[in-house]
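# Inside the fold
The lines below spell out each chain.
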Amino acid sequence: MSRPLKRKKKPNRSSLLDLAWNHLTAGRWDEAEQLYRNLLVHTPQDPALLHFLGIIAHQRGQPEQAITWISKAVAIHPGFAEAHNNLGLALEGVQRWHEAASSYRRALALQPRLAASHNNLGNVLRQQGTPGEAIACFHQALTLQPDYFQAYNNLGNAHADLGQWDEAIACYQKALTLNPHFTEAHRKGSHRFLLHAD
């Protein structure tokens, strides 16, 4: 006696979101994008989906596309702090420093404890020629996240901008203590220690 065929269960939205997230975090951009786009057909005003598509564009080196997607997300959901932060990163990609700083400040107004936004704002302030203000941002990031080795590296850069070589080297060394494989800090620390100049 033959058994009736079981109809294959259609994946629900939650499982598709989980699958898309797994692809995204594994760097499988094409697979993640396809899933997010398919989901967006049914919920075109979903700020999370728009945000994720912006992250994928940013990771692919397409900052203008990232700005478009993430701008839509924050227009729909202005209180989306992480999206404001990531919009800032995309704006940095096209050297729109003032707008990037504004995005980081909006993120921090919504979530003052976002260490990444303090760090990112510090980087933009360095680009705008205000390393003293940048130092305050990096210190705030490190207060919130003491093991933030990238912030120590960036703090070192800001001290170097001001010619504060001992402080810069100490920051690079701290970054390396936290992450011995962080080659940028190793290279910069060595370079500045030997030459004391850019």
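Look up: the structure comes first, before these words.
Report follows, based on the coordinates.

What counts, and at which threshold
Residues numbered from 1 in each chain as written. Predicted model: local features only at pLDDT ≥ 70, side-chain atom pairs only at ≥ 80, totals over all residues. Heavy atoms only, no water. Helix = DSSP H or I, 4+ residues; strand = E, 2+ residues; numbered from the N terminus. Buried < 20%, exposed > 50% of the residue type's maximum accessible area, 1.4 Å probe, protein only. Contact = heavy atoms within 4.5 Å. Areas by Shrake-Rupley, 256 points an atom, 1.4 Å probe, with all protein chains shown as cover. Core = buried A, V, L, I, M, F, W, Y, C linked by side-chain atoms within 4.5 Å. Phe/Tyr/Trp six-rings, centres within 6.5 Å; stacked < 30°, edge-to-face > 60°. Axes fitted to C-alpha atoms, helices over the stretch in contact; angles between N-to-C directions. Parallel < 35°, antiparallel > 145°, perpendicular 65-115°, else oblique. Left-handed = near helix turned anticlockwise from the far one by under 90°. Nonpolar A, V, L, I, M, F, W, Y, C, P; charged D, E, K, R; others polar. Salt bridge = Lys/Arg side-chain N within 4 Å of Asp/Glu carboxyl O.

### Let's talk about the overall build of the chain
For the chain, the helix and strand inventory stands at eleven helices and zero strands. Put simply, the chain runs from its N terminus to its C terminus through helices and strands in the order α-α-α-α-α-α-α-α-α-α-α. The buried share of the chain, reckoned over its 198 residues, is 44%. By sequence separation, contacts in the chain at least 24 residues apart represent 43% of the contacts at least 6 residues apart. Accessible surface, the chain: about 11400 Å² in total, of which carbon and sulfur atoms supply 54%.

### Some points on the nonpolar core
Counting residues in hydrophobic clusters, the biggest one holds 52 residues, and the most contacted among them are Leu24, Tyr36 and Leu121. When residues no more than four places from it in sequence are discounted, the contact partners of Leu121 are Ala101, Tyr104, Arg105, Leu108 and Cys137.

### A short note on the environment of Ala109
Residue placement: Ala109 occurs in helix α6 (residues 97–110). For Ala109, a relative accessible area of 65% corresponds to the exposed category. The sequence separation of Ala109 and Gly79 amounts to 30 residues, and the corresponding C-alpha distance is 9.5 Å.

### Some words on the packing of aromatic side chains
Within the structure shown, the criterion is met by three aromatic pairs. Taken together, Trp21, Tyr36 and Phe52 form an aromatic cluster joined through their ring pairs.

### Observations concerning the packing of helix α5 (residues 81–93) against α6
Where α5 meets α6, the closest approach of the two axes is 8 Å, and the angle between their N-to-C directions is 165°. Taken together, the axes of α5 and α6 are roughly antiparallel relative to one another. Note on packing geometry: the crossing formed by α5 with α6 is left-handed. Contact with α5, carried on its side by Ala81, His84, Asn85, Leu87, Gly88, Leu89, Leu91 and Glu92, involves Trp97, Glu99, Ala100, Ser103, Tyr104, Arg106, Ala107 and Leu110 of α6 and no other residues of that element. Its residues assigned to classes, the contact of α5 with α6 comprises nine nonpolar, four polar and three charged.

### Observations concerning the pattern of salt bridges
In this structure the tally under the stated criterion is seven salt bridges. Between Arg37 and Glu33 there is a salt bridge whose closest N-O contact spans 2.9 Å. Taken together, the positions of Arg37 and Glu33, both in helix α2 (residues 29–42) and four residues apart, correspond to about one turn of that helix. The shortest N-O distance in the salt bridge between Arg96 and Glu99 comes to 2.8 Å. Connected through salt bridges with shared partners, the residues Asp30, Glu33, Arg37 and Arg60 form a single ionic network.

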